[in-house]
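Listed below are the residues making up each chain.
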Amino acid sequence: MRPTPRVRRRAQPLMTDLCAGCRDELNTGDTVYQLAWGRYMRSCITPTYDPWTGPIIEWHTRCAPVNLAPQVQPYFCVVCSELVDDGEEVAYVTVGDKPIPPYKRLERRGYELPLIAHLNCWPAP
Ligand SMILES: [Zn+2]
Ligand SMILES: [Zn+2]
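Because the structure is a prediction, the values reported are computed rather than measured.

## Describing the overall build of the protein
Part 1 of the argument: Across its full length, the protein holds zero helices and four strands.
Part 2 of the argument: Tracing the protein from N to C terminus, the helices and strands come up as β-β-β-β.
Part 3 of the argument: The burial tally for the protein puts 24% of its 125 residues in the buried class.

## Re the pairing of strand E3 (residues 89–97)
Part 1 of the argument: Bridge analysis of strand E1 (residues 31–39) against E3 gives nine bridges, and the strand direction is antiparallel. Bridged to Val 32 within E3 is Gly 96.
Part 2 of the argument: Pairing analysis gives four bridges linking E3 to strand E4 (residues 115–118), with the strands arranged antiparallel. In the strand pairing of E4, Ala 91 is matched with Ala 117.

## Describing the sheet that holds strand E2 (residues 57–60)
Part 1 of the argument: In spatial order, the strands read E2-E1-E3-E4; together these four strands make up an open sheet with antiparallel pairing. A strand with exactly one partner marks an edge of an open sheet, and here the two such strands are E2 and E4. Going across the sheet, the axis of each strand differs from the next one's by a mean of 20°, ignoring polarity.
Part 2 of the argument: As judged from the four bridges shared by E1 and E2, these two strands associate in the antiparallel manner. Residue Gln 34 lies in a different strand from E2, and its bridge partner there is Glu 58.

## Some points on unusual backbone geometry
Part 1 of the argument: Put simply, Gln 73 and Pro 74 share a cis peptide bond, and its omega is 0°.
Part 2 of the argument: For Pro 74, the position within the fold is in the loop between E2 and E3.
Part 3 of the argument: Cis geometry is found at the peptide bond from Pro 101 to Pro 102, where omega equals 5°.
Part 4 of the argument: Here Pro 102 is to be found in the loop between E3 and E4.
Part 5 of the argument: Located in the positive-phi region is Arg 23, a residue other than glycine, with phi close to 70°.

## Section: the environment of Asp 86
Part 1 of the argument: Topologically, Asp 86 is positioned in the loop between E2 and E3.
Part 2 of the argument: What makes Asp 86 exposed here is the crowd of 11 C-beta atoms within 10 Å.
Part 3 of the argument: Contact partners of Asp 86, with chain neighbours within four places excluded, come to Tyr 40, Met 41 and Arg 42.

## Focus: the nonpolar core
Part 1 of the argument: Within the largest apolar cluster, 24 residues are counted, with the highest numbers of intra-cluster contacts made by Tyr 33, Val 84, Val 90, Ala 91, Tyr 92, Leu 115 and Ile 116.
Part 2 of the argument: Here Leu 115 is in contact with Leu 68, Val 78, Tyr 92 and Val 93, once residues within four sequence places are set aside.

## A word on the confidence of the model for the protein
Part 1 of the argument: Looking at the protein, the pLDDT average stands at 87 and 86% of residues meet or exceed 70.
Part 2 of the argument: Across residues 10–15 the pLDDT falls below 50, and counting only partners more than four positions away or on other chains, this stretch makes eight contacts in the model.

## Focus: the environment of Arg 23
Part 1 of the argument: One can find Arg 23 in the segment before E1.
Part 2 of the argument: Arg 23 gets classed as exposed once you count the C-beta atoms within 10 Å, which come to 10.
Part 3 of the argument: Linking Arg 23 and His 60, residues 37 residues apart in sequence, is a C-alpha distance of 9.7 Å.

Rules behind the numbers
- The written sequence of each chain sets the order in which its residues are numbered from 1.
- Chain letters and ligand numbers both follow the written order, the letters beginning at A and the numbers at 1.
- Local features are withheld for residues below a pLDDT of 70 in this predicted model, meaning they are given only at 70 or higher, and side-chain atom pairs are given and counted only at 80 or more; totals for whole chains, interfaces and linings count all residues.
- Think of it this way: any DSSP run of H or I at least four residues long counts as a helix, any run of E at least two long counts as a strand, and we number them from the N terminus.
- Residues with at least 20 other C-beta atoms within 10 Å of their own are called buried, those with 12 or fewer are called exposed, and the rest are partly exposed. The C-beta atoms themselves are positioned from the backbone.
- For two strands to be treated as a pair, DSSP must find no fewer than two bridges joining them.
- Geometry is summarised by axes, namely lines fitted to C-alpha atoms with helices restricted to the contacting stretch, and by angles between N-to-C directions that run from 0 to 180 degrees.
- Each residue gets a C-beta atom placed from its backbone, and two residues are in contact if those atoms lie within 7 Å.
- The nonpolar core is taken to be a set of buried Ala, Val, Leu, Ile, Met, Phe, Trp, Tyr and Cys residues joined by way of C-beta atoms within 7 Å.
- The pLDDT value tells you how sure the predictor is about a given residue, anywhere from 0 up to 100.

Now the structure itself:
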C-alpha cells in the first residue's frame, strides 16, 4: 500500500501558512510579503483586511513573483496608475514579520506599501 500523501487541508480556506512560491512553511518571525484584500483608509498606512473578498497569500521575500515598487501615501494603482481614493476597495501587499498564530497581520510593517491596486483593476484571484 502506498503511503498517503500528506495533504494540508484547513477548515478555514482563507488562511495558509505556506509560501505561495516555494510551498515551504512560513514561520513566525520570517520576513514575508502578504497579499490581502481590503479598503484603503487615508488615515492608515495599511488598508483594512477583508477576509470575505479573498484569501491572504504570502511569500518569503525571496519568493515574491513580481518586482515590487514600495510607495508611501498617496498611493497610485499599479495597474491603471490612477490615485487610490479614500475608502476604495483594494488589493495590496505588505511586508513585515510573520506574527505568532492565529494572528495574520504582519508586524513591523514599516511606512511603505510594496504594492496596491484598485480591486476592480486587479486580476481575479
Ligand atoms: Zn518561499
Ligand atoms: Zn486602478
